[in-house]
Amino acid sequence: MKVFAHRGASGNHPENTEIAINSALDIGVDGIEVDLQSCLDDYVIIHDSWLDRTTSGQGKVNATAFADIRRVDAGNGQKVPGLQDVIDWVGNKTLLNLELKHTFSLDKLVSTLEHNVDQGRLNRDQLIVSSFDHHQLQWLKQHLPWVKIGALTSSIPLGYAEFAQRLNAYSLHLDKNFVNHQFVADAKARGLEVYAYTVDKDEDILTMQALGVDGVFTNFPCNTKKVLAQHGDNQAGMA
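Cut-off values and rules
- Residues numbered from 1 in each chain as written.
- Predicted model: local features only at pLDDT ≥ 70, side-chain atom pairs only at ≥ 80, totals over all residues.
- Heavy atoms only, no water.
- Helix = DSSP H or I, 4+ residues; strand = E, 2+ residues; numbered from the N terminus.
- Contact = heavy atoms within 4.5 Å.
- Axes fitted to C-alpha atoms, helices over the stretch in contact; angles between N-to-C directions.
- Parallel < 35°, antiparallel > 145°, perpendicular 65-115°, else oblique.
- Left-handed = near helix turned anticlockwise from the far one by under 90°.

Chemist: Could you give me a rundown of the environment of Glu193, with the residues and numbers involved?
Modeler: Here Glu193 is to be found in strand E8 (residues 193-197). When the C-alpha atoms of Glu193 and Trp139 are compared, they prove to be 21 Å apart, with 54 residues separating the residues in sequence. Apart from residues no more than four positions distant in its own chain, Glu193 is found in contact with Lys2, Tyr170, Ser171, Leu172 and Asp214.

Next comes the structure, spelled out in structure tokens:
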């Protein structure tokens, strides 16, 4: 079962920051998940639409220039990264999952991703773009056909994973509280990877493993890898 560091190793470091990402890379995670949204003039890696919870700044992210966001403290002296920062840090070392939050101007995202692939900084197979906004995922897949998309949901739709298959998704990203045998089996029958979020408790980690989930997003990747290794997961020690 793959271990994705949720916003980096965010249980031990400020979320979505360089130290959280590098700490996760240091322990050999299978993937890094970060949140991508638009500020006034660029893309930034931050979860909330407002600056105040995770930084020393104030105001809405989409109304603030990148240069001003860079001046705020994201915790322990860390800065809010830009998209290019994260691509440069993660590169092809592991899977990179970009979750689209409050994101606009997807044309620019397409050109940025294509440029990094062309420059060898990013491997197509190492990138997943996910979102709860399935309209954005559909648009992105139409304009960047090679991209792997992850369809997020915190529900159990009547058609189970049918919506993700219609999106031509690579993976289905499920709230751990809505994972059951039927949902996982349906997704697997449709050829989808199944990833669960946010899985931190030992019991939940093992429950996801028993349900046949392919990977989990966790705030404490070191502990999650340890739990899986103790219970004989073959991929627990793989990068």
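Structure shown, so let's carry the discussion forward.
Chemist: Report on unusual backbone geometry, specifying residues and quantitative values.
Modeler: Here the phi dihedral of Asn16 falls at roughly 60°; this positive angle occurs in a residue that is not glycine. By the secondary structure assignment, Asn16 is in the loop between strand E1 (2-6) and helix H1 (18-26). For Asn168, which is not glycine, the phi dihedral falls at a positive 60°. In this fold, Asn168 is placed in the loop between helix H6 (162-166) and strand E7 (171-175).

Chemist: Mind laying out the packing of H1 against helix H3 (residues 83-90), listing which residues take part and the relevant values?
Modeler: Relative to each other, H1 and H3 sit at 20°, their axes nearing to 11 Å. Compared by their axis directions, H1 and H3 come out roughly parallel. As H1 packs across H3, the resulting crossing turns out to be right-handed. Touching Glu18, Ile21, Asn22 and Leu25 of H1 are Val86, Trp89 and Val90, all from H3.

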